[in-house]
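Chain by chain, the residues run as shown.
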Amino acid sequence: MKSFKLLIALFAVFFFNSCSEDDSTSPVDVESLLGTWTVISLNADSNVNTNLLQVPIQTSTTSVGENFNYDVTFTETEYTVVGGYDLITTGTINGIPTDFDPVSITDVSETGTYALNGNDITIDGNLYEFEADGISLSETSEQQVAQIAFNSNNELVMTQNVEETVNQDGIEFVVKIKAVSVWRKK
């Protein structure tokens, strides 16, 4: 069970390092990004495949954020995130419908650096802290790349498609995630 909880925790690490629905094809400039943004929606679909004790496990989930009190502030080269939110996840394990316990992510306070290249943002650091079963997962995230754009309401939209293989305690997880978050300027 601990390995399964770790699997869900690893998903959460990749999940919020994510994020776009692209209404725009013009490059995003730093000036338009500067300031504080509050998240208004967060959705992710994931598929995780592993083989545990010679038993293949395929997990498909859909996660939706709720009860947002989560902000990101961009300066010229740094970002800071603070706050929290709830993550509601439903899905299947080997085709069997499964409800997961809601996860509350609270008291987040992280700072890191970022760089823009056209509509790609590269984040070097953690967008949040997360702990599962006493295991801190903040150190597992590395540099993340997402596509960003502004939608017709001038909201910041981040999209990330992640495909990674993660080895944890000798178990290999193949993770595929598409996450979209929408942020409104304060």
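In this text, all values refer to a predicted model and were calculated from it rather than measured experimentally. Within every chain, residues take consecutive numbers counted from 1 along the sequence as written. Predicted model: local features are reported for residues with pLDDT of at least 70 only, side-chain atom pairs are reported and counted for 80 or more only, and whole-chain, interface and lining totals are derived from all residues. Note that water and hydrogens are dropped before the side-chain values are worked out from all heavy atoms of the structure.

A.B. asks: Would you mind going over the overall build of the protein in detail, with residue names and values included?
C.D. replies: Helix and strand labels come from DSSP, where a helix needs a run of H or I of at least four residues and a strand needs a run of E of at least two; each type is numbered from the N terminus. Counting secondary structure elements, the protein contains two helices and 11 strands. The order of helices and strands in the protein, counted from the N terminus, is α-α-β-β-β-β-β-β-β-β-β-β-β. Only protein chains enter the calculation, and the probe is 1.4 Å; a residue is then buried if its accessible area is under 20% of its type maximum, exposed if over 50%, and partly exposed in between. When each of the 186 residues of the protein is scored for burial, the buried share is 45%. Carbon and sulfur atoms form 47% of the exposed surface of the protein, whose accessible area is close to 9,500 Å². Note on areas: Shrake-Rupley, 1.4 Å probe, and residue coverage restricted to the protein chains presented here.

A.B. asks: Provide a residue-level description of the pattern of salt bridges, including the pertinent values.
C.D. replies: Salt bridges, as used here, are contacts in which a Lys or Arg side-chain nitrogen is within 4 Å of a carboxyl oxygen on Asp or Glu. One pass over the structure, following the stated rule, counts two salt bridges. The shortest N-O distance in the salt bridge between lysine 186 and aspartate 71 comes to 2.7 Å. Of this pair, lysine 186 sits in the segment after β11 (171–185) while aspartate 71 is found in strand β2 (residues 55–74), placing the two residues 115 residues apart along the sequence. Overall, lysine 186 belongs to the exposed group, its relative accessible area being 66%. Here aspartate 71 falls in the buried class, since its relative accessible area comes to 11%. We note a salt bridge from arginine 184 to glutamate 155, for which the minimum N-O separation is 2.8 Å. With arginine 184 in strand β11 and glutamate 155 in the loop between β9 (144–150) and β10 (156–168), this residue pair connects regions lying 29 residues apart in the sequence. Look at glutamate 155 and you get buried, because its relative accessible area is 8%.

A.B. asks: Mind laying out unusual backbone geometry, listing which residues take part and the relevant values?
C.D. replies: Across residues other than glycine, the phi torsion is negative in most instances, and most of the peptide bonds are trans. With a phi close to 50°, asparagine 94 is a non-glycine residue in the positive phi region. Summarising the element assignment, asparagine 94 is placed in the loop between β3 (78–93) and β4 (96–99). A positive phi angle is found at asparagine 154, which is not glycine, with a value near 60°. Assignment of secondary structure puts asparagine 154 in the loop between β9 and β10. Under the relative-accessibility criterion, asparagine 154 is labelled exposed at 55%.

A.B. asks: Which residues make up the confidence of the model for the protein, and what values do they have?
C.D. replies: Detailed reading of the predicted coordinates is not advisable wherever pLDDT is low. Confidence scores here are pLDDT values: one per residue, from the predictor, ranging 0 to 100. Chain-level pLDDT for the protein is 80 on average; 77% of the residues reach the 70-or-more range. Contacts are assigned to residue pairs that have any heavy atoms within 4.5 Å of one another. This model gives residues 1–25 a pLDDT under 50, and the stretch forms 89 contacts once residues within four places in sequence are excluded. Under a pLDDT of 50 for its full length, residues 128–140 has, in the predicted model, 37 contacts with residues more than four places off or in other chains.

A.B. asks: Just give me the short version of the environment of lysine 178, but keep the residues and values in it.
C.D. replies: Here lysine 178 lies in strand β11. For lysine 178, a relative accessible area of 44% gives the class partly exposed. The sequence separation of lysine 178 and alanine 44 amounts to 134 residues, and the corresponding C-alpha distance is 5.5 Å. Once you skip the residues sitting within four places of it in the chain, lysine 178 turns out to touch Asn43, Ala44, Asp45, Thr159, Gln160 and Asn161.

A.B. asks: Could you give me a rundown of the nonpolar core, with the residues and numbers involved?
C.D. replies: We call a set of buried residues a nonpolar core when its members are Ala, Val, Leu, Ile, Met, Phe, Trp, Tyr or Cys and they connect through side-chain atoms within 4.5 Å of each other. Core analysis: the biggest nonpolar cluster contains 24 residues, and Phe74, Ile121, Leu156 and Trp183 have the highest contact counts within it. Put simply, the parts of the chain that give this core at least two residues each are β1 (35–52), β2, β3, β5 (103–117), β6 (120–124), β9 and β10. In terms of residue count, the dominant contributor to this core is β3 (four residues). In this structure, Ala44, Val166, Val175 and Ala179 belong to the second largest nonpolar core, which totals nine residues.

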